[in-house]
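# Chain and residue survey
Residues per chain are reported as follows:
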Amino acid sequence: MRRWFPWLSLVARLVLGGVMLVAGALKVTDPEAATQAVRAYELLPQGFDGIVGLLLPFLEIGIGLLLIIGYGVRAAAVAAGVFMLMFIAAVSSAWARGLAIDCGCFGGGGQVAPGQTKYLQEILRDAGLLVLAGWLFLKPLSKFALESDPHTSTGEAAS
């Protein structure tokens, strides 16, 4: 393993985990706004938007915490990658259908003025986070992780 891979994986874990944790934490305090943000995409049947709006922040927080502490990194990276793909698809769908909404990625969400959408930036941000998730899937071992490689001697995996 190249010596800098564990350091790059640490940065990827902290960035992706931090984004997931902050996004979830900002939404968990206002479940009605989170539900409104999900509803604004007009993708789910009525009733499901409320369930997703309530559960999504807790899942984001859980994934973020796992990544930050470095436990179950590969599985958490897969989950984060799936979330990024869903977010990219949802934002792309809203953009293609001409909806004028705030993504609600970090709280808030709902209708905005047509000139206030930031779809391209949101898609590019999520694509970058998807790349980090892919890196962590391939290279889950990192510095300062709670979980280490059981197939190496102490400290060898993270050197």
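Preceding block: the structure.
Here's a quick rundown of the structure.

Cut-offs used in this document
Residues numbered from 1 in each chain as written. Predicted model: local features only at pLDDT ≥ 70, side-chain atom pairs only at ≥ 80, totals over all residues. Heavy atoms only, no water. Helix = DSSP H or I, 4+ residues; strand = E, 2+ residues; numbered from the N terminus. Buried < 20%, exposed > 50% of the residue type's maximum accessible area, 1.4 Å probe, protein only. Contact = heavy atoms within 4.5 Å. Areas by Shrake-Rupley, 256 points an atom, 1.4 Å probe, with all protein chains shown as cover. Lys, Arg positive; Asp, Glu negative; His and termini not counted. Charge placed at Lys NZ, Arg CZ, Asp CG, Glu CD. 1 Å grid on protein atoms, 1.4 Å probe; cavity = no way out; pocket = protein on both sides within 12 Å on 5 of 7 lines; lining within 4 Å. Points joined across faces, edges and corners; volume = space filled by probe spheres on them. Nonpolar A, V, L, I, M, F, W, Y, C, P; charged D, E, K, R; others polar. Core = buried A, V, L, I, M, F, W, Y, C linked by side-chain atoms within 4.5 Å. Salt bridge = Lys/Arg side-chain N within 4 Å of Asp/Glu carboxyl O.

### Examining the overall build of the protein chain
When you go through the protein chain residue by residue, the secondary structure sums to five helices and two strands. In the protein chain, the succession of helices and strands from N to C terminus is α-α-α-α-β-β-α. With respect to the principal axes defined by its C-alpha atoms, the protein chain has extents near 55 × 25 × 20 Å. Sorting the 159 residues of the protein chain into buried and exposed places 39% on the buried side. Across the protein chain, contacts joining residues at least 24 apart in sequence account for 73% of those joining residues at least 6 apart. Carbon together with sulfur atoms contributes 69% to the accessible area of the protein chain, which is approximately 8,700 Å² in total. The positive charge centre, built from 11 side chains, and the negative charge centre, built from 11, are 11 Å apart in the protein chain.

### A few points about the layout of surface pockets
Roughly 490 Å³ of volume is contained in the largest pocket. Surrounding the largest pocket, 27 residues form its lining, Val 38, Val 52, Leu 56, Phe 87 and Ala 90 being those nearest its centre. Among the secondary structure elements, those contributing two or more residues to the lining of the largest pocket are helix 1 (5-28), helix 2 (31-40), helix 3 (48-69), helix 4 (73-96) and helix 5 (119-138). The dominant element in the lining of the largest pocket, judged by the number of residues it contributes, is helix 4, at six residues. Looking at the lining of the largest pocket residue by residue, the classes come out as 21 nonpolar, two polar and four charged.

### Describing the nonpolar core
Ranked by internal contacts, the top residues of the largest apolar core, which has 16 residues, are Leu 16, Met 20, Ile 63, Leu 67, Phe 83 and Leu 136. Breaking this core down by element, the ones donating at least two residues are helix 1, helix 3, helix 4 and helix 5. Per-element tally for this core: the top contributor is helix 4, with seven residues. Phe 83 has contacts with Met 20, Leu 56, Leu 59, Glu 60 and Ile 63, leaving out every residue within four places of it along the chain. One finds Tyr 41, Ile 88, Ile 101 and Ile 123 within the second-largest nonpolar core, a separate group that totals twelve residues.

### Examining the pattern of salt bridges
Within the structure shown, the criterion is met by three salt bridges. A salt bridge links Asp 49 to Arg 39; its shortest N-O distance comes to 2.9 Å. In this pair, Asp 49 is assigned in helix 3 and Arg 39 in helix 2, connecting sequence segments ten residues apart. Exposure remark for Asp 49: the relative accessible area of 5% places this residue in the buried category. Residue class for Arg 39 comes out partly exposed when judged on its relative accessible area of 40%. Residues Arg 125 and Asp 126 are paired through a salt bridge, measuring 3.1 Å at the closest nitrogen-oxygen approach. Its relative accessible area of 28% is what places Arg 125 among the partly exposed residues.

### Section: unusual backbone geometry
For Glu 42, which is not glycine, the phi dihedral falls at a positive 55 degrees. Along the polypeptide, Glu 42 turns up in the loop between helix 2 and helix 3. In the Ramachandran plot, Phe 144 falls in the positive-phi region, its phi being about 55 degrees despite a non-glycine side chain. Mapped onto the elements, Phe 144 comes out in the segment after helix 5.

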